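What the coordinates show
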Amino acid sequence: MRLTEFNELVDGQFGPIRGRSLLVDHVLGALDGRTAAQAIEDGVDPRTVWRALCADFDVPRDVW
């Protein structure tokens, strides 16, 4: 998954304002206690980050 697609999914699911906030404020246990932004900066595949966000926020599986 490209980073642009990841950002589109985040904006589409959570809205642009809340989505940006989640990326920098919400700590993801599945990603070793990093935020989504930190994980991406550390080189984690955006698809993995997207799935972690979906799991934490009970996003329906068909959207994953």
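Residues numbered from 1 in each chain as written. Predicted model: local features only at pLDDT ≥ 70, side-chain atom pairs only at ≥ 80, totals over all residues. Heavy atoms only, no water.

Looking up the protein chain in an unreviewed UniProt entry gives the name Signal transduction histidine kinase, with the organism given as Mycolicibacterium setense.

On to the nonpolar core. Nonpolar side chains in soluble globular proteins generally cluster together in the buried interior. Membership of the largest hydrophobic core comes to 16 residues, with the highest contact counts inside it found for Phe6, Val10, Leu31, Val49 and Leu53. Secondary-structure elements contributing two or more residues to this core are helix H1 (3–14), helix H2 (16–25), helix H3 (36–41) and helix H4 (46–56). Here the element with the most residues in this core is H4; it accounts for five residues. Not counting residues up to four positions away in its chain, the partners in contact with Phe6 are Met1, Leu23, Ile40, Pro46, Val49, Trp50 and Leu53. (Core = buried A, V, L, I, M, F, W, Y, C linked by side-chain atoms within 4.5 Å. Buried < 20%, exposed > 50% of the residue type's maximum accessible area, 1.4 Å probe, protein only. Helix = DSSP H or I, 4+ residues; strand = E, 2+ residues; numbered from the N terminus. Contact = heavy atoms within 4.5 Å.)

Turning our eyes to something else, we now look at the packing of H1 against H4. Look at H1 against H4: their axes get within 9 Å of each other, and the N-to-C directions meet at 15°. Considering the angle they form, H1 stands roughly parallel to H4. Crossing handedness for the pair H1 and H4: right-handed. Note on element contacts: H4 touches H1 through Pro46, Val49, Trp50 and Leu53, opposite Leu3, Phe6, Leu9, Val10, Gln13 and Phe14. For the contact of H1 with H4, the class distribution of residues is nine nonpolar, one polar and no charged. (Axes fitted to C-alpha atoms, helices over the stretch in contact; angles between N-to-C directions. Parallel < 35°, antiparallel > 145°, perpendicular 65-115°, else oblique. Left-handed = near helix turned anticlockwise from the far one by under 90°. Nonpolar A, V, L, I, M, F, W, Y, C, P; charged D, E, K, R; others polar.)

Turning next to unusual backbone geometry. Backbone geometry at Asp32 places phi at a positive 60°, although glycine is not the residue there. Along the polypeptide, Asp32 turns up in the loop between strand S1 (27–28) and strand S2 (34–35). Not every positive phi belongs to a glycine, and Asp58 is a case in point at roughly 50°. Inspection of the secondary structure assignment puts Asp58 in the segment after H4. For Asp58, a relative accessible area of 67% puts it in the exposed group.

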